[in-house]
Amino acid sequence: MAPGVGIKEVAREAGVSVGTVSNVINRPESVSEETRARVLSTIERLGYVRQESARQLRAGHSRIIALLVLDMANPFFVDVARGAERAAREAGLGVMVCNSAQSPEEEADYLGLFAEQRVRGVLMTPADMTGRNLASFRRQPIPFVLVDRVLPSAEGCSVSVDDVTGGELAVRHLLGLGHRTLAYVSGPMRLAQCRDRREGALRALREQGLGESALRHVEVERLDVTSGRDAGARLLGMSPRPTAVFCANDLLALGVLQSLYGAGVSVPGEVALVGYDDIEFAAAAAVPLTSVRQPAFRMGRMAAELLIEETGERAADHRHQRIVLQPELVVRGSSLVRPR
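Owing to the predicted nature of the structure, the values given are computational and were not obtained by experimental measurement. (Residues numbered from 1 in each chain as written. Predicted model: local features only at pLDDT ≥ 70, side-chain atom pairs only at ≥ 80, totals over all residues. Heavy atoms only, no water.)

### Here we look at the nonpolar core
By size, the foremost hydrophobic cluster in this structure holds 76 residues, and its most contacted members are Leu-123, Val-185, Phe-246 and Leu-273. Counting residues per element, this core draws most heavily on helix H13 (residues 296–311), which supplies eight residues. Counting only domains with at least three residues in this core, you end up with domain 2 (61–161 + 296–324) and domain 3 (163–294). Aside from chain neighbours lying at most four places away, what touches Leu-123 is Ile-65, Ala-66, Leu-67, Leu-68, Ala-84, Val-145, Val-147, Ala-303, Ala-304 and Leu-307. (Core = buried A, V, L, I, M, F, W, Y, C linked by side-chain atoms within 4.5 Å. Buried < 20%, exposed > 50% of the residue type's maximum accessible area, 1.4 Å probe, protein only. Helix = DSSP H or I, 4+ residues; strand = E, 2+ residues; numbered from the N terminus. Domains from an automatic or database assignment. Contact = heavy atoms within 4.5 Å.)

Encoded structure:
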């Protein structure tokens, strides 16, 4: 791209006014086909790129939606981003994906950056469970939609999955196979998903007349494979060892599977295993993983559509919505043996 090429240079080379060049870029239907072709040819030859920052200042917002997720290493959030990107492209918008790495401090930094850049809107899965970051961001005139979190509809839009039901599906399945000594491996309980999935597990136990003591809880700091391996080592040291393990996501479950496999413990022969999210790797694991499926792509798409509606031409007609999707249990080999 040629340095320093601006709209005035394009107008001079094309032999038209600056206003005509602006119309070709922003309102092409208002310019004759011949003039439009000449201007576009000049733009391509000179390598002119519209200064989006200047347009943002005039319009008050950009054509960029920000997406702030907990962990881009988790394929679940990759699918959420794919759904959001698809909806944005169809609306002529772009998506800037950022990773808070489960850190409230990094989340606060990104929210400040979004405000500085005057993004069109923000899709986010909060890392800060105190609500302080979100409360501070509310003071900005930038709409937001929560993804994978429930938000009272009076306060804004949210698209989430019923994680209590998801936990209930997982543990009800294991109980139906005859397991009575179970473990729940979760990330930090400050995360609402981890709490809700445990509540669903306990609800399934209560249905069978079992108390909370029937569910051993192993909490780790992160929702990743390494933490899953650490949890697996802790499970191996338990006496008696649980015959079934429910993990708060598939990455934890894959780490537990690696740890058990390395110790010569058969899955599902000695320990049944259920994950959550149904990421692509779940079905491709050495032992195909039973998992609670979340509609991640759909979730990202719906969240972006709500944000686009709230920031578009019909914003005055927008009404905040709280959408809660239903999970689905996908049964595979990792849980299909009854306890001995």
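Still more to cover.
### Structural notes on the sheet that holds strand S10 (residues 290–293)
Overall, mixed pairing links the six strands, which are arranged S7-S6-S8-S9-S10-S12 in an open sheet. The strands lining the two open edges of the sheet, one partner per strand, are strand S7 (215–219) and strand S12 (328–330). Across the sheet, the mean angle separating the axes of adjacent strands is 20 degrees when strand polarity is ignored. Where strand S8 (residues 244–247) lies against strand S9 (residues 272–277), three bridges are found, and the strand directions are parallel. Across the sheet, the residue bridging to Ala-244 is Ala-272, located in S9. Docked against the sheet, helix H8 (residues 163–176) engages strand S6 (182–186), S8, S9, S10 and S12, running at close to 165 degrees with respect to S9. (Pairing = 2+ DSSP bridges. Axes fitted to C-alpha atoms, helices over the stretch in contact; angles between N-to-C directions.)

### Points about the packing of helix H2 (residues 18–26) against helix H3 (residues 33–46)
The contact between H2 and H3 brings their axes to 10 Å, and the two run at 90 degrees. With respect to each other, H2 and H3 are oriented roughly perpendicular. Contact with H2, carried on its side by Thr-20, Val-21, Val-24 and Ile-25, involves Thr-35, Arg-36, Val-39, Leu-40 and Ile-43 of H3 and no other residues of that element. Tallied by class, residues from the contact of H2 with H3 come to six nonpolar, two polar and one charged. (Parallel < 35°, antiparallel > 145°, perpendicular 65-115°, else oblique. Nonpolar A, V, L, I, M, F, W, Y, C, P; charged D, E, K, R; others polar.)

### Some thoughts on the environment of Gly-209
Along the chain, the position of Gly-209 falls in the loop between helix H9 (192–207) and S7. Taking relative accessible area as the criterion, Gly-209 reaches 67% and is therefore assigned exposed. Counting along the chain gives 43 residues from Gly-209 to Gly-166, while the straight-line C-alpha distance between them is 20 Å.

### Details of the pairing of strand S1 (residues 64–69)
On a regular strand, one side chain projects to one face of the sheet and the next to the other, so that they alternate. Of all the six residues making up S1, five are buried; the element is thus mostly covered by neighbouring parts of the structure. Sheet analysis places S1 next to strand S2 (residues 94–99), joined by six bridges and oriented parallel. Within the sheet, the bridge partner assigned to Leu-68 lies in S2 and is Cys-98. Summarising the sheet, S1 and strand S3 (residues 121–124) pair through four bridges and their orientation is parallel. Residue pairing in the sheet places Leu-67 in a bridge with Leu-123 of S3.

### Focus on the domain arrangement of the protein
In terms of domain boundaries, the protein breaks down into domain 1 (7–50), domain 2 (61–161 + 296–324) and domain 3 (163–294). Placing a centre on the C-alpha atoms of domain 1 and another on those of domain 3 gives a separation of 60 Å.

### Description of the pairing of S9
Taking burial as the measure, the six residues of S9 include six buried ones, the bulk of the element. Handedness of the β-α-β unit built from S8, helix H11 (residues 250–262) and S9 comes out right-handed. Where S9 lies against S10, four bridges are found, and the strand directions are parallel. Residue pairing across strands places Asp-277 opposite Arg-293, the latter belonging to S10. (Right-handed = clockwise from strand over helix to strand, strands pointing away.)

### Overview of helix H1 (residues 7–14)
Three or more residues of H1 are buried, namely Val-10, Ala-11 and Ala-14. Considered in projection along H1, the buried side chains sweep an arc of 100 degrees and stay on one side of the axis. Along H1, the residues that are exposed and aim more than 90 degrees away from the buried face are Lys-8 and Arg-12. For H1, the elements touching its buried residues are H2 and H3. Note on H1: the residue one or two positions beyond its end, Gly-15, has a positive phi of about 70 degrees. (Arc of directions from axis to C-beta.)

### Focus on the side chain of Arg-149
By the secondary structure assignment, Arg-149 is in the loop between strand S4 (144–147) and strand S5 (157–161). Asp-148 is the oppositely charged side chain nearest to the buried, salt-bridge-free Arg-149, at an N-O distance of 4.5 Å. Engagement of the side chain of Arg-149 in a polar contact is seen with the side chain of Gln-193, the distance being 2.7 Å. (Lys, Arg positive; Asp, Glu negative; His and termini not counted. Salt bridge = Lys/Arg side-chain N within 4 Å of Asp/Glu carboxyl O. Polar contact = N/O pair within 3.5 Å; in protein donor to acceptor, adjacent residues only side chain to side chain.)

### Considering the packing of aromatic side chains
Taken as a whole and assessed by the stated rule, the structure comprises five aromatic pairs. Within the aromatic cluster, the residues linked to one another by ring pairs are Tyr-184, Phe-246 and Tyr-276. We note Arg-197 situated over the ring of Tyr-276; from NZ or CZ to the ring centre the distance is 3.8 Å. (Phe/Tyr/Trp six-rings, centres within 6.5 Å; stacked < 30°, edge-to-face > 60°. Lys NZ or Arg CZ within 6 Å of the ring centre and 35° of its normal.)

### Side note on the pattern of salt bridges
Any two side chains of opposite charge can pair if their charged atoms end up close together. The full count for this structure, using the stated rule, is 17 salt bridges. Asp-79 is the salt-bridge partner of Arg-82, the closest N and O atoms lying 3.2 Å from each other. In this pair, Arg-82 and Asp-79 are both assigned in helix H5 (residues 75–90), three residues apart and thus about one turn of the helix distant. Since its relative accessible area comes to 43%, Arg-82 is described here as partly exposed. The partly exposed category is assigned to Asp-79, whose relative accessible area is 26%. Across the salt bridge formed by Asp-163 and Arg-197, the nearest N and O atoms sit 3.1 Å from each other. Of this pair, Asp-163 sits in helix H8 while Arg-197 sits in helix H9, and the two are 34 residues apart along the sequence.

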